[in-house]
Amino acid sequence: MGARVERALDALGSPTRRAIVRMLTAGPRAVGEIAEPLPISRPAVSKHLRLLEDARLVKHEARGNRTVFALDSTGFDLVRAWLDDFWDDALPRFIAEAEK
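Residues numbered from 1 in each chain as written. Predicted model: local features only at pLDDT ≥ 70, side-chain atom pairs only at ≥ 80, totals over all residues. Heavy atoms only, no water.

Asker: In this structure, what is going on with the packing of helix H1 (residues 3-12) against helix H5 (residues 73-98)? I would like to understand it.
Answerer: When two helices pack together, their arrangement is given by the angle between their axes and by how far apart the axes lie. Put simply, H1 and H5 touch, their axes get as near as 9 Å, and they point 100° apart. Between H1 and H5, the interaxial angle falls into the category roughly perpendicular. Residues Arg-4, Val-5, Ala-8 and Leu-9 of H1 form the contact with H5, whose participating residues are Gly-75, Leu-78, Val-79 and Trp-82. Among the residues forming the contact of H1 with H5, the class breakdown is six nonpolar, one polar and one charged. (Axes fitted to C-alpha atoms, helices over the stretch in contact; angles between N-to-C directions. Helix = DSSP H or I, 4+ residues; strand = E, 2+ residues; numbered from the N terminus. Parallel < 35°, antiparallel > 145°, perpendicular 65-115°, else oblique. Contact = heavy atoms within 4.5 Å. Nonpolar A, V, L, I, M, F, W, Y, C, P; charged D, E, K, R; others polar.)

Asker: Can you help me understand the nonpolar core in this one?
Answerer: Counting 19 residues, the largest nonpolar core has Ile-20, Ile-34, Leu-38, Val-45, Leu-49, Leu-52 and Phe-69 as the members making the most contacts within it. Aside from chain neighbours lying at most four places away, what touches Leu-38 is Thr-16, Ala-19, Ile-20, Met-23 and Val-45. (Core = buried A, V, L, I, M, F, W, Y, C linked by side-chain atoms within 4.5 Å. Buried < 20%, exposed > 50% of the residue type's maximum accessible area, 1.4 Å probe, protein only.)

Asker: Help me understand H5 in this model?
Answerer: Spacing of three or four residues puts side chains on the same side of an α-helix, whose turn is 3.6 residues. When the terminal C-alpha atoms of H5 are compared, their 35 Å separation across 26 residues agrees well with the 38 Å that a helix rising 1.5 Å per residue should span. Where H5 bends most, the angle comes to about 30°, and this point is Ala-90, followed within four residues by the proline Pro-92. Along H5, the positions that sit buried rather than exposed are Gly-75, Val-79 and Ala-90. As for H5, its buried residues are in contact with H1. (Expected span 1.5 Å × (residues − 1). Bend = angle between axes of the 7 residues up to and from the residue.)

Asker: Looking at this model, I keep getting lost on the sheet that holds strand E1 (residues 29-30). Mind explaining?
Answerer: Within a sheet, neighbouring strands are paired by backbone hydrogen bonds and run either parallel or antiparallel to one another. Strand order in the open sheet formed by three strands is E1-E3-E2, with antiparallel pairing between adjacent strands. What marks the edges here is a single partner per strand, and that holds for E1 and strand E2 (58-63). With six bridges connecting them, E2 and strand E3 (residues 66-71) associate as antiparallel partners. Looking across to E3, one finds that Arg-63 is bridged to Arg-66. Taken strand by strand, helix H4 (residues 42-54) contacts E2 and E3, and its axis lies near 115° from that of E2. (Pairing = 2+ DSSP bridges.)

Shape is all these values report; function is a separate question.
Written out as structure tokens, the structure reads:
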């Protein structure tokens, strides 16, 4: 597994980061909008966003004096490709085991 896929999977291992990703499925949001419903500080949200961005799961854009985050398909495409390869290898073994 490549380092990029590892970073994406590790980033998605956090419930807080998964909550942020779920929020962003509704569309781009500013940091304050992301932080508002979460039970952690805004600096902590920013740290989570940096980890998600490093994993290429989110990207940001400056809009005036606000930083707006949106989903980045790059990281999700890597994870999906890894899962597809995993199932291409694992599924025949599962079938063989079930047919015993």
